[in-house]
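So you can see what is in the structure, the chains are spelled out below.
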Amino acid sequence: MTHAVEPLHGGRARRHTACWSHVMISGTLPANEPACVASRQGAVELRIEARPRDLGGFSVRRVLPSSERRLVGPFVFFDHMGPAHMAIGAGMDVRPHPHIELATVTYLFEGEIDHKDSLGSMQTIRPGDVNWMIAGRGIVHSERSSPASRETGVHIHGIQSWVALPLEHERTEPRFDHHPASTIPKVDLDGASLDVIAGEAYGARSPVSVLSPTLYVHARIAAGARLPIDDTHEERGVYVVEGAITVNGARFTPGTMAVLAPHAHVSIEAEETSRVMLVGGAKLTGERHIFWNFVSSSPERIEQAKSDWRAGRFPKVPGDEIEFIPLPA
């Protein structure tokens, strides 16, 4: 099968290939991409229904990219993984794989993951922590369940997302930053508890080194409470992780994202105790293309990355040098 490099701004693509970790998505759009429904609910421009995928042990619900909406702000990829409870001895084993010209953001509600990368970083991420990895010119990393967690049974639940980099930063040097949960700003509103994961929102600024205006917030909302959505960002999406919310009278349940009209004044109401993610930021300049784990404004640089991975020219991950994920055929 041929996997085209598809632009991420503009019309409907004919074939799309994307990957989170070891999982390749291929085939025709109806089978592989999240379903989009145009909305006429005023401030809600689009409803995106995530497409579930069984990864053998746990499921992933993919929201972005979708056929009608490739990015929300700089967010080019958004996967909801789990919740999953694995048998004793089993675990998540995402073998070393490369990235270029994006930043990965791992955020957990439950469980832990051991991260290793070609810079020599070794870091366990736990609930509320933020792992922020800028691929830039190129980086390789692996994500695995720890030996200790396998002994008691791995539990995993969280969000894996990619942020496309501004044109002037696409070829920056790779870096990895870890921010413990204690350093992430907390905002308490009436009936809502917020963690400002990255960027700025509700008057708080995250320590994460974003490269463009970014909205990324984890919100827990009590039943019956209302949460006004920060309207300082041009593009915004509200993703339901748990519970149920209404937006302008429209109901959204787990696995759905409401894409909001730019700068519209919107409040969401929780029908029950709910967990949601607010994502978005400034619209990026220029077009973005995606193939497998590569995101770039340049199809030529994606082709070069493919060639470099095939030929083994990417650096190795210290302590995880043997296994790797092959380039999709």
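These figures come from a predicted structure and were not determined experimentally. (Residues numbered from 1 in each chain as written. Predicted model: local features only at pLDDT ≥ 70, side-chain atom pairs only at ≥ 80, totals over all residues. Heavy atoms only, no water.)

Enquirer: Pulling in residues and values, what's your account of the overall build of the protein chain?
Expert: When its secondary structure is counted, the protein chain shows three helices and 29 strands. Among the 329 residues that make up the protein chain, the fraction classed as buried is 60%. The long-range share in the protein chain, meaning contacts at least 24 apart out of those at least 6 apart in sequence, stands at 70%. In the structure as shown, the protein chain presents an accessible area of about 12600 Å², 50% of it carried by carbon and sulfur atoms. (Helix = DSSP H or I, 4+ residues; strand = E, 2+ residues; numbered from the N terminus. Buried < 20%, exposed > 50% of the residue type's maximum accessible area, 1.4 Å probe, protein only. Contact = heavy atoms within 4.5 Å. Areas by Shrake-Rupley, 256 points an atom, 1.4 Å probe, with all protein chains shown as cover.)

Enquirer: Any details on the packing of aromatic side chains? Residues and values, ideally.
Expert: One pass over the full model with this rule turns up nine aromatic pairs. Between W292 and W309 the ring centres are 6.4 Å apart and the planes differ by 50 degrees, which places this aromatic pair in the tilted class. In this pair, W292 is assigned in the loop between β28 (289-291) and β29 (294-296) and W309 in helix α3 (residues 299-310), connecting sequence segments 17 residues apart. Its end group placed over the ring of F109, R275 keeps NZ or CZ at 4.6 Å from the ring centre. Here K306 stacks its cationic end above the ring of F291, 4.3 Å away from the centre of that ring. (Phe/Tyr/Trp six-rings, centres within 6.5 Å; stacked < 30°, edge-to-face > 60°. Lys NZ or Arg CZ within 6 Å of the ring centre and 35° of its normal.)

Enquirer: How would you summarise the sheet that holds strand β23 (residues 245-247) if you had to cite specific residues and measurements?
Expert: Read from one edge of the open sheet, four strands run β21-β26-β23-β24, paired in antiparallel fashion. The sheet is open, and its two edges are formed by β21 (226-228) and β24 (250-252), each paired on a single side. When the angles between neighbouring strand axes are averaged without regard to direction, this sheet yields 30 degrees. Summarising the sheet, β21 and strand β26 (residues 267-270) pair through three bridges and their orientation is antiparallel. If you follow L227 over to β26, its bridge partner there is I268. (Pairing = 2+ DSSP bridges. Axes fitted to C-alpha atoms, helices over the stretch in contact; angles between N-to-C directions.)

Enquirer: Account for the environment of A87, with residues named and values stated.
Expert: With respect to the helices and strands, A87 occurs in the loop between β8 (75-85) and β9 (93-99). Judged by relative accessible area, which is 52%, A87 ranks as exposed. The sequence separation of A87 and H155 amounts to 68 residues, and the corresponding C-alpha distance is 9.2 Å.

Enquirer: Go over the confidence of the model for the protein chain with me, naming the residues and quoting the values.
Expert: As a general rule, the predicted coordinates of low-pLDDT regions are not to be interpreted in detail. For the protein chain, the mean per-residue pLDDT works out to 88, and 86% of the residues sit at or above 70. Long-range and interchain partners of residues 1-32, a stretch whose pLDDT sits below 50, account for 107 contacts in this model, where long-range means more than four residues apart. (pLDDT = per-residue confidence, 0-100.)

Enquirer: Report on the pairing of strand β13 (residues 130-134), specifying residues and quantitative values.
Expert: In terms of burial, β13 is largely enclosed, as five of its five residues are buried. Taking every second residue as pointing to the same face, both faces of β13 are buried, with V130, W132 and I134 on one and N131 and M133 on the other. Relative to β13, strand β10 (residues 102-110) runs antiparallel, the two being bridged by four bridges. Bridge pairing links V105 to W132 in β13.

Enquirer: Could you give an account of empty space enclosed by the protein, naming the residues involved and the relevant values?
Expert: Taken as a whole and judged by the stated rule, the model has two cavities of 30 Å³ or more. As for the largest cavity, its lining consists of T104, T106, I113, H115, I125, N131, M133, H141, E143 and F176. Of all the secondary-structure elements, those providing two or more residues to the lining of the largest cavity are β10, β11 (113-117), β13 and β14 (139-144). Classifying every residue of the lining of the largest cavity gives four nonpolar, five polar and one charged. Lining the second largest cavity, in full, are W132, V163, A164, L165, P166, V210, L211, S212 and T214. Residue composition of the lining of the second largest cavity, grouped by class: seven nonpolar, two polar and no charged. (1 Å grid on protein atoms, 1.4 Å probe; cavity = no way out; pocket = protein on both sides within 12 Å on 5 of 7 lines; lining within 4 Å. Points joined across faces, edges and corners; volume = space filled by probe spheres on them. Nonpolar A, V, L, I, M, F, W, Y, C, P; charged D, E, K, R; others polar.)

Enquirer: An account of the side chain of D117 is needed here, citing residue identities and associated values.
Expert: On the secondary structure map, D117 appears in strand β11. Despite being buried, D117 has no salt bridge partner; R175 is the closest side chain of opposite charge, sitting 10 Å away. Here L119 takes part through its backbone nitrogen, which lies 2.8 Å from a polar atom of the side chain of D117. (Lys, Arg positive; Asp, Glu negative; His and termini not counted. Salt bridge = Lys/Arg side-chain N within 4 Å of Asp/Glu carboxyl O. Polar contact = N/O pair within 3.5 Å; in protein donor to acceptor, adjacent residues only side chain to side chain.)

Enquirer: How would you sum up α3? Please name residues and give values.
Expert: Taking 1.5 Å as the rise per residue, α3 with 12 residues should run 16 Å; its terminal C-alpha atoms sit 17 Å apart, in good agreement. For α3, every residue scored as buried is listed here: I302, A305, K306, D308 and W309. Looking straight down α3, one finds that the buried residues subtend no more than 165 degrees of arc, so they occupy a single side. Summarising the geometry of α3, the exposed residues directed more than 90 degrees from the buried face are E300 and R310. Within two residues after α3, G312 carries a phi angle of roughly 75 degrees, on the positive side. (Expected span 1.5 Å × (residues − 1). Arc of directions from axis to C-beta.)

Enquirer: Tell me what's going on with the nonpolar core, and back it up with residues and numbers.
Expert: Inside soluble globular proteins, nonpolar side chains tend to come together where they are buried. Grouped together as the largest cluster of nonpolar side chains are 31 residues, with contacts concentrated most on I221, L227, I229, I268 and V276. Listed by contribution, the elements that provide at least two residues to this core are β18 (192-201), β20 (214-221), β22 (235-242), β23, β24, β25 (256-260), β26 and β27 (274-281). (Core = buried A, V, L, I, M, F, W, Y, C linked by side-chain atoms within 4.5 Å.)

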